[in-house]
Amino acid sequence: MFMKETREFLESLGYPGGDCYDLPTSAKRFPDGAQYRVEIPSVEGPRVLEAVLEEADRLGVTIHRVSQGSGIMLLTDEEISDMCQMCASRGIELSLFVGPRGTWDISALPFTSSGKAAGLRHEGMDQLVYAIEDLKRAAQLGVRGALVADEGLLLLTKEMKHRGILPQNFVIKVSVQMMASNPVSIKLMEQLGADTYNVPTALTLPKLAAIRQTVNLPLDVYVEVPDGFGGFIRHYEIPEIIRILAPVYIKFGLRNHPDVYPSGKHLESVNIELCRERVRRAALGMRIVEQYYPEAVTSKLGAEGLGVPVTGVQNAKV
């Protein structure tokens, strides 16, 4: 075998000796026994969420998670509470991005050609303090899911759960912009406290299969990718992605759309139409699943493991 000793070394540590070209079927599942769930990203506020739910009803698409990218800090308490109410009434997870991030701080580094690798990571302790405050505020308003893109913040969320600062059922979703790309790196993210992990968008099925052999947490996989991450449209791979990567969130981004981050009222009408099209794309993707993998098992709304918001009490106890 090519490079046998090194591959055996990796296998002795519990990792695959290489990418899994045999594409083994995953026997891993969500807590309810399902193989896959559906996510609509970039749902930037309550009016946009209303449009997502309306379109999902019209097209008969089950959506398990909606995520937002502009950040907790750019939503009012009322807006967050409205989104919590809408998601809780249907048993849908609401995942809001931590607001403070590298590209919104005063440093120019993330915008330089060499510094882009810094991504959304937080510079300094104050930025971590701000991010923790963002998470605490969301949890107090009833949110039970958030995105992070910094390894240090990820570890801190684990400690926050341990100390009761965040509830145990608060789902920490690691952003695609973390960019860990191999089984060992993503295993590290799992150990640091990730509850789900959004893999980089251009990984092949053998590379993804090797990751699934190593980690147990759900993987979030873009099957249509925003232009900034490649613009790929992988709809026909969805059945294999479900078979190989279960438990997996099938995530419908959208190619050919404007940059709407950070968003707000000035972009609301654009965001509404973008999200309507994302739901339409999800309907197209689910048609492929129904045709080519009809036995694939999906979750019911409100299933165990979803970060469904808590409602009814302002400043809900964590």
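Summary of the structure given here. Every chain is numbered on its own, with residues counted from 1 as its sequence reads. Local features in a predicted model are, by the rule used here, given only for residues with pLDDT of at least 70; side-chain atom pairs are given and counted only at 80 or more, and totals for whole chains, interfaces and linings are based on all residues. Computation of side-chain values covers all heavy atoms of the structure but excludes hydrogens and water.

Turning to helix H2 (residues 46-59), a few remarks are in order. In an α-helix, one turn spans 3.6 residues, which is why side chains three or four residues apart end up on the same side. The first and last C-alpha atoms of H2 sit 20 Å apart over 14 residues, in line with the 20 Å expected at 1.5 Å per residue. In what follows, residue pairs with any heavy atoms lying within 4.5 Å of each other are defined as contacts. Numbered from the N terminus, helices here are DSSP runs of H or I no shorter than four residues, and strands are runs of E no shorter than two. Tucked into the core, H2 has its buried residues touching strand S1 (36-40), strand S2 (65-68), helix H3 (77-90) and helix H9 (268-292). Helices are assigned an expected span. That span is 1.5 Å times one less than the residue count.

What follows is about the side chain of Asn-198. Relative to the helices and strands, Asn-198 is located in strand S6 (residues 196-198). Whenever a nitrogen or oxygen atom comes within 3.5 Å of another N or O atom, the pair is scored as a polar contact, on the condition that within protein one atom can donate a hydrogen and the other can accept it, and that pairs from neighbouring residues in sequence are kept only if both atoms are in side chains. Within polar-contact distance, the side chain of Asn-198 engages the backbone oxygen of Asp-220 at 3.1 Å. Looking at Asn-198, its side chain comes within polar contact range of the side chain of Lys-251, at 2.7 Å. What Asn-198 contacts, discounting residues up to four positions off in sequence, is Lys-173, Val-174, Ser-175, Val-176, Asp-220, Tyr-222 and Lys-251.

Bringing the layout of surface pockets into the picture now. Taken as a whole, the largest pocket holds about 900 Å³ of empty space. Considering the residues around the largest pocket, the lining is formed by 37 residues, among which Gln-177, Gly-228, Phe-229, Asp-259 and Tyr-261 are closest to the centre. When residue character is reported, Ala, Val, Leu, Ile, Met, Phe, Trp, Tyr, Cys and Pro are called nonpolar, Asp, Glu, Lys and Arg charged, and the others, Gly included, polar. Split by residue class, the lining of the largest pocket holds 18 nonpolar, 12 polar and 7 charged. Here the term cavity refers to a set of points on a 1 Å grid, laid over the protein atoms alone, in which a 1.4 Å probe fits but cannot get out; the term pocket refers to an open set having protein on both sides within 12 Å along at least five of seven lines, with lining residues being those that place an atom within 4 Å of a point. Grid points are joined across faces, edges and corners, and a volume is the space filled by probe spheres set on the points.

Glancing now at the sheet that holds strand S8 (residues 248-252). Each strand in a sheet pairs with its neighbour through backbone hydrogen bonds, running either in the same direction (parallel) or in the opposite one (antiparallel). The sheet built from 8 strands closes into a barrel, its strands ordered S1-S2-S3-S4-S5-S6-S7-S8 with parallel pairing. Averaged over all pairs of adjacent strands, the angle between their axes in this sheet comes to 30°, without regard to strand direction. Where strand S7 (residues 219-224) and S8 come together, 5 bridges link them in parallel fashion. Bridge pairing links Val-221 to Ile-250 in S8. Strand pairing is assigned whenever DSSP identifies at least 2 bridges connecting the two strands. A fitted line through C-alpha atoms represents every axis, and for helices the fit uses only the stretch in contact; the resulting angles, taken between N-to-C directions, go from 0 to 180 degrees.

Only one rule defines a salt bridge in this text: a Lys or Arg side-chain nitrogen within 4 Å of an Asp or Glu carboxyl oxygen. As enumerated under the stated definition, the model contains 24 salt bridges in all. The salt bridge involving Asp-32 is made with Arg-37; its shortest N-O contact spans 3.6 Å. Think of it in three bands: residues with accessible area under 20% of the maximum for their type are buried, residues over 50% are exposed, and the middle band is partly exposed, with areas taken using a 1.4 Å probe on protein chains only. The partly exposed category is assigned to Asp-32, whose relative accessible area is 36%. Between Lys-161 and Asp-195 there is a salt bridge, with the nearest N and O atoms lying 2.7 Å from each other.

This part covers unusual backbone geometry. The amide bond that connects Ala-246 to the next residue, Pro-247, takes the cis arrangement and shows omega of 0°. Secondary-structure assignment places Pro-247 in the loop between helix H8 (238-245) and S8. Note the cis peptide between Tyr-261 and Pro-262, where omega equals -10°. By the secondary structure assignment, Pro-262 is in the loop between S8 and H9. One non-glycine residue, Leu-23, lies in the positive phi region at around 50°. Considering the arrangement of structural elements, one finds Leu-23 in the loop between helix H1 (4-12) and S1. Positive phi is not limited to glycine here, since Met-179 has a value of about 70°. Looking at the element boundaries, Met-179 is found in the loop between strand S5 (171-174) and helix H6 (183-192).

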